[in-house]
Amino acid sequence: MRHIAIIGSGPAGYYTAEAAQKKFRDDVRVDIIDRLPVPFGLIRFGVAPDHQSIKAVAGRYEKVALSDNVRFVGNVTVGKDVSIDELQTLYDAVILATGAPNDRPLDIAGADLPGVFGSAAFVGWYNGHPDYADLRPPLDGRHVVIVGNGNVALDVARILSKTRAEFDGSDIVSHALDGLDHSAVEDITILGRRGPHQIAMTPKELGELAHLQRATPRVDKDDLPDIGEDALLEPGIRKSVTHLREFAAIPEAFRADKVISINFDFFAAPVAIEGDGKVKRVRVERMRLDDQYRSVGTGESYTIDCSMVISCIGYQTPPIDGVPYEHGRGRFANLDGRILPGLYCVGWARRGPSGTIGTNRPDGYNIIDTVAEDMAISANKDGRAGLDALLALRKVDIVTFSDWKKIEEAEIARARDGAPREKFVRIEDMIAASH
Ligand code: NAP
């Protein structure tokens, strides 16, 4: 019997478990360990609450979770409740599928001022992540600046713009819905250090900005390259740029009944955040592209008054003591997923935060092929029995998948009208509902 421990129950974790089941059939036992009492990682805490169709993939993970040879072990923190060394003693393979839940730091003066948030915190706040339940972002100011030109910047701009009614059918948590309902935000500026052709925004997500009830996007047509140059773009980006061109052509008359403006400010890099005890303004440098399409400063700068800055410039995998880590890229040091003998990584923890949820599927299957190659025969380790004994000794109250189903049932039962669930945002409430 092969024993595999997967750390992290997000998409990469579940696709890896699915691959292990397919590869080893009855000859494997997989434990998916998560520090939270609830599964699915990015699906629950990263995917936007108004994108329920994307969250539906959790149904596929549930099929895996409900099979006898895969087990969810929630409420267990690796590095605190059990160490990597201990797991390696108990399992033939330990696979880190910890994602990239930490913000890449915005390394400029003033980034530590109150009112500056990373997207992990802000997204975690509206998605009910227990770490950010008490964030209380200041929504009483008129102007918010978002840094970055990726899909997370779009998620954040859209969530800040929607009316209460536009959240119908979403699972945005009540504390965020109520906060946003009383928001004074009228201007959202999205800073991109490069230009429209260099955005990392996908067409569907960008197109949504044109259909908001009280907000409208604004693009300066002078920022757009000559239309003939669009032909050189890869088709996805070309479609996104077409949306930007449509936004630039929105007539002023159409804006009259829109109270929120989402302003795209291209070739604009934040260089400092200024304020007296809290954010007052962002100092921005006008940028240009060099011949490698990198952004370089022009020396010209200006300021944007604002009361909140949300940095959406990408994520990092949290390091784990004793596990080799590549600081520059914010992921575990690995060669095709191999970190050390018996220790692997997969998904964002392996390749950094890029690609769609589906990208993690081949990643999961590849890492299981690698594991199979490395361990032709099992070393007959103790596996889950050993883990249970260790955790019982340490009085760790583990949450199983059937416990999670009780939490889920309670979340469904307390949902507001039309919402799929009202998430618990405190670990103690999750645990209480699981009993
Ligand atoms: P991302 O796609 O990597 O975009 C990060 C953005 O931040 C880029 O525009 C980058 O510009 C900019 N940036 C990086 N460092 C910066 C700095 N120091 N100053 C100013 N700008 C900086 O990251 P993301 O938006 O966090 O998304 C992560 C992944 O999740 C992506 O694969 C994304 O597609 C995916 N996602 C998908 C969806 C969806 O499909 N609905 C939703 C959310 C997220 P440069 O290009 O110049 O580096």
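Residues numbered from 1 in each chain as written. Predicted model: local features only at pLDDT ≥ 70, side-chain atom pairs only at ≥ 80, totals over all residues. Heavy atoms only, no water.

Asker: Before we move on, could you go through the packing of aromatic side chains and cite the residues and values that matter?
Answerer: Within the structure shown, the criterion is met by 13 aromatic pairs. A centroid spacing of 6.4 Å and a plane angle of 90° characterise the contact between F72 and F401, whose relative ring orientation is edge-to-face. Pair noted here: F72 is in strand β3 (residues 70-73) and F401 is in helix α15 (residues 401-413), with a separation of 329 residues, a long-range link. Neither residue differs from the other here; F72 and F401 are each classed as buried. Ring geometry for F247 against F264: centres 6.3 Å apart, planes inclined by 35°, an arrangement best described as tilted. Here the residue F247 occupies a position in helix α10 (residues 235-248), and F264 occupies one in strand β10 (residues 260-265), the gap between them amounting to 17 residues. Neither residue differs from the other here; F247 and F264 are each classed as buried. Members of the aromatic cluster, each reached through a chain of ring pairs, are Y14, Y15, F40, Y61, F72, F401 and W404. Positioned over the ring face of Y365 is R361, at 4.7 Å from the centre of the ring. (Phe/Tyr/Trp six-rings, centres within 6.5 Å; stacked < 30°, edge-to-face > 60°. Helix = DSSP H or I, 4+ residues; strand = E, 2+ residues; numbered from the N terminus. Buried < 20%, exposed > 50% of the residue type's maximum accessible area, 1.4 Å probe, protein only. Lys NZ or Arg CZ within 6 Å of the ring centre and 35° of its normal.)

Asker: Help me get a handle on helix α6 (residues 119-126), residues and values and all.
Answerer: Of all 8 residues in α6, 8 are buried; the element is thus mostly enclosed. The complete set of buried residues in α6 reads S119, A120, A121, F122, V123, G124, W125 and Y126. Positive phi shows up at G128, right after α6, with a value of about 75°.

Asker: Can you lay out the packing of α6 against helix α7 (residues 151-161) for me, pointing to particular residues and giving the numbers?
Answerer: Interaxial distance between α6 and α7 falls to 11 Å at its minimum, and their mutual angle equals 45°. By the angle between their axes, α6 is oblique relative to α7. The two elements α6 and α7 meet at a crossing, and its hand is left-handed. Residues S119, F122, V123 and Y126 of α6 lie in contact with α7, whose contacting residues are V152, D155, V156, I159 and L160. Per-class residue counts for the contact of α6 with α7 are 7 nonpolar, 1 polar and 1 charged. (Axes fitted to C-alpha atoms, helices over the stretch in contact; angles between N-to-C directions. Parallel < 35°, antiparallel > 145°, perpendicular 65-115°, else oblique. Left-handed = near helix turned anticlockwise from the far one by under 90°. Contact = heavy atoms within 4.5 Å. Nonpolar A, V, L, I, M, F, W, Y, C, P; charged D, E, K, R; others polar.)

Read these as spatial facts, not as claims about activity.
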